[in-house]
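Chain and residue survey
Listed below are the residues making up each chain.
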Amino acid sequence: MGNWVVNHWFSVLFLATWLGLNVFLFVHAFLSYEKADKYYYTREILGFCRRTLRKQLDHNLTFHKLVAYMICLHTAIHIIAHLFNFEHYSRSRQATDGSLASILSTLSHQEKGEGSWLNPIQSPNMTVEYVTFTSIAGLTGVIITIALVLMVTSAMEFIRRSYFEVFWYTHHIFIIYFIGLGIHGTGGIVRGQTEESLNESHPHRCAESFKHWDDHDSHCKHPRFEGLPAESWKWILAPGVLYIFERILRFYRSQQKVVITKVVMHPSKVLELQMNKRGFSMEVGQYIFVNCPSISYLEWHPFTLTSAPEEDFFSIHIRAAGDWTENLIRAFERQQSQIPRIEVDGPFGTVSEDVFQYEVAVLVGAGIGVTPFASILKSIWYKFQRADHNLKTQTIYFYWICRETGAFAWFNDLLASLEREMEELGKVDFLNYRLFLTGWDSNIAGHAALNFDKATDILTGLKQKTSFGRPMWDNEFSTIANAHPRSVVGVFLCGPQTLAKSLSKRCHQYSSLDPRKVQFYFNKENF
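Calculation criteria
Residues numbered from 1 in each chain as written. Predicted model: local features only at pLDDT ≥ 70, side-chain atom pairs only at ≥ 80, totals over all residues. Heavy atoms only, no water. Salt bridge = Lys/Arg side-chain N within 4 Å of Asp/Glu carboxyl O. Helix = DSSP H or I, 4+ residues; strand = E, 2+ residues; numbered from the N terminus. Buried < 20%, exposed > 50% of the residue type's maximum accessible area, 1.4 Å probe, protein only. Axes fitted to C-alpha atoms, helices over the stretch in contact; angles between N-to-C directions. Parallel < 35°, antiparallel > 145°, perpendicular 65-115°, else oblique. Left-handed = near helix turned anticlockwise from the far one by under 90°. Contact = heavy atoms within 4.5 Å. Pairing = 2+ DSSP bridges. Core = buried A, V, L, I, M, F, W, Y, C linked by side-chain atoms within 4.5 Å. Nonpolar A, V, L, I, M, F, W, Y, C, P; charged D, E, K, R; others polar. Phe/Tyr/Trp six-rings, centres within 6.5 Å; stacked < 30°, edge-to-face > 60°. Lys NZ or Arg CZ within 6 Å of the ring centre and 35° of its normal. UniProt positions renumbered as here; feature names shortened; annotations may be inferred.

Let's talk about the pattern of salt bridges
- Summed over all chains, the structure comprises nine salt bridges.
- Glu310 is paired through a salt bridge with Lys383; the nearest N and O atoms lie 4.0 Å apart. Of this pair, Glu310 sits in the loop between strand E6 (301-304) and strand E7 (314-319) while Lys383 sits in helix H16 (residues 371-385), and the two are 73 residues apart along the sequence.
- Residue classification places Lys383 among the buried residues on the basis of a relative accessible area of 17%.
- Members of the salt-bridge network, linked through shared partners, are Arg250, Arg253 and Asp345.

Points about the packing of H16 against helix H17 (residues 412-424)
- Viewed as axis vectors pointing N to C, H16 and H17 meet at an angle of 30 degrees, and their least axial separation amounts to 10 Å. For the element pair H16 / H17, the angle class is roughly parallel. Considering only the axes of H16 and H17, their crossing is left-handed. Across the interface between the two elements, Ala374, Leu377, Lys378, Trp381, Phe384 and Gln385 of H16 pack against Leu414, Leu415, Ser417, Leu418, Glu421 and Met422 of H17.

Things to note about the sheet that holds strand E14 (residues 519-524)
- Spatial ordering of the open sheet is given by E12-E11-E10-E9-E13-E14, a layout of six strands whose pairing is parallel. Both outer strands of the open sheet, strand E12 (467-468) and E14, are each paired with one neighbouring strand and no more.
- In terms of strand pairing, strand E10 (residues 395-402) meets strand E11 (residues 431-437) through seven bridges, oriented parallel. Looking across to E11, one finds that Tyr397 is bridged to Asn432.

Remarks on the nonpolar core
- Ranked by internal contacts, the top residues of the largest apolar core, which has 32 residues, are Leu363, Phe398 and Leu431.
- Considering each element in turn, this core owes the most residues, six residues, to H16.
- In contact with Leu431, other than residues within four places in its own chain, are Leu377, Ile396, Phe398, Leu418 and Met422.
- If you look at the next biggest cluster of nonpolar residues, it comprises 22 residues, including Met282, Phe314, Ile318 and Trp324.

Quick word on the packing of helix H11 (residues 174-183) against helix H14 (residues 232-254)
- H14 packs onto H11 with a crossing angle of 145 degrees between their chain directions and a minimal axis gap of 9 Å. The handedness of the crossing between H11 and H14 is left-handed. Facing H11, whose interface residues are Phe174, Phe178, Leu181 and Gly182, H14 presents Ser232, Ile236 and Tyr243.
- Across the contact of H11 with H14, the residue classes tally to five nonpolar, two polar and no charged.

Quick word on the packing of aromatic side chains
- Applying the stated criterion across every chain, the model contains 16 aromatic pairs.
- The interplanar angle of 70 degrees and the centroid separation of 6.3 Å between the aromatic rings of Phe174 and Phe178 together place this pair among those described as edge-to-face. Taken as a pair, Phe174 and Phe178 lie in helix H11 at a separation of four residues, close to a single helical turn.
- Judged by its relative accessible area of 7%, Phe174 is buried.
- When its relative accessible area of 9% is taken as the criterion, Phe178 is described as buried.
- Considering the side-chain rings of Tyr358 and Phe492, the 5.6 Å spacing of their centres and the 80 degrees angle between planes classify their relative orientation as edge-to-face. Of the two residues, Tyr358 sits in the loop between strand E8 (343-348) and strand E9 (360-366) while Phe492 sits in strand E13 (residues 488-494), which places them 134 residues apart along the sequence. The pair formed by Tyr358 and Phe492 is uniform in burial state, with each residue classed as buried.
- Lying across the ring of Phe356, Lys383 places its NZ or CZ 5.2 Å from the centre.

Describing the side chain of Arg506
- Within the secondary structure, Arg506 is located in helix H20 (residues 497-510).
- Owing to a relative accessible area of 16%, Arg506 belongs among the buried residues under this scheme.
- Sequence-distant contacts of Arg506, that is, excluding residues within four places in its chain, are made with Trp473, Asp474 and Phe477.

What about the UniProt feature "transmembrane region" (unreviewed entry) in the protein chain?
- In the numbering used here, UniProt assigns the "transmembrane region" (unreviewed entry) feature to residues 12-33, 66-84, 130-154 and 166-190.
- This span, residues 130-154, is 96% helix and 0% strand, and a straight line between its end C-alpha atoms measures 30 Å.
- Taken end to end, residues 166-190 comprises 64% helix and 0% strand; its first and last C-alpha atoms sit 36 Å apart.

Structure representation (C-alpha cells):
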C-alpha cells in the first residue's frame, strides 16, 4: 500500500480542496440565482462602462447553469474520492499484518485520549454504511447530495416549463443545502496530526520506525490526530446574510398596497392588468414578480411590464401557460364584487433597458414575447408627443411572430397610433414593423390574397400587411446592414432559444470586421 500516512494526508488535502471549491462554486451559483435587486443596481452602476462589459450581466442565468454543472461534476469527484478513502479505511482496519496502516487504524479515543483516533471505522465489524449514516459528515453529505440531485433534476427544461410549481418548490431546497453544507465539516472526519504530535513524531522522521514507537530509547511516540476545523461556514456567512436582508426588503416591498385600476380580457386567453402602487417607478423593458395569495402564498412569477414610464399606471399581459396563470385568469373572469388581491415586487432590470442606447434597434418578439417591446413602442410614442430631442435612436425595426391571428389584437391600437403619429410627423421611416403569422390555413391565406389590394390588412386592420410564414433573416439582416452601413445595431429578442441561436448567428455573420462599419449586438431577455 506504500506509505499509508502520506496517502492518507494526500486524500485529506484532496477532499478538503474539492470541498472548498464546491462551496465556492455554490456561493457563486447562489448569487447568480438570487440576483433581483443586485442585478438591476449593478447594471445602473456599470451604465458608464463599455457595452460589452454591461452585456455580461445579461448572461447571469447562463452563468448560474454552468456553475450548477460544475457543482455536479465536483460533487461526483468529491464523493468518489470519499469512497476510495473509505475503502482504504476499511481494509486498514481489518488488516492484521502489523503494517503502519493497521497500527494507525487501531488508534482510538479509548486508548490514546479523546479525539486521537484517525480511522473513523473503529472496529473490524463496523461497516462503511454504518459510519456514513451515524457520523455528522456522512449524514449531512447524503442529505445535501439528495438535495442537489432534486434541485438539478427538477430544473430541467421540460419540468420547468410544464410543472413550474415542482421546479419552484424543489429549487428552494437550497436552504437545506446551505444548512447541511455549513455543518458538513464539523464532524471532524477529515483529520490531521496535532501540532504537538508533529513536533514529537514528525512523519518524515518516524513513519519508518512505527514498530518502535513508545520504546524507551525511541524519540517517536504514537501520533495524535484531531479533526480539521470546518471552513464552509466562512463561505456561507456573507451570502447568507445578504440573502436574508434581500428577502426582508422584498417582503416589505411586496406588502405595499397594489390597486388594480383596469382589467382587460384579450383574445387567445390573455389577461391585461393595469395597476398603481405608491412610489412605483419603472424603465422600458423591465419586469416585476407577481403573487396572488388566493392561489398560492409562496409562488412569485415574473411578468414583463407592457406600460411606458410616461404613463400614470403600470401594466402586464398574462397568457395562460400553466396551472398558476390559468387559475389567475379564471379568478379574474369569475370575479363578482371583489377583485383578487395582487402583490407586486420590483421592477427589475433587463437587456431591453439599453434599447435607446443604439442608433438602430431591431426588436423581435415571438407570441407573448412582444410584451417588453410594447413598453418600448409606447415610450417612443410619448417621446414623439413631447418632442424629446435626446432620443439617440434613429430607426426601429420591429418583427412580431405569432401562431394565431387573435394574438395581433393585443397591441393593434398601439401600432395603429404609431402609424398615424409617424405619418403626421413625417417620420414614416422611423418605425418599420413586420407581422408574421406562422399558424395559418388555406382559408386564411386565400381570404388575405383576395383582399390584398385594400389599404389595410384584412387580418389586423393595419396598413402593414401580414406575412405568412417566418422571416427570412438573411434577407432582413442584409437589408438593414446595407441601409445603415456605419451604424451600431442592437438586436433584441424575447422568444425561444432556437430563434435566439439563429439571430445570434446572423449578428456575427453580418457584423463588419471593420469596427467603423455596421456592428450588430445581440441581446436576449432571460427569466
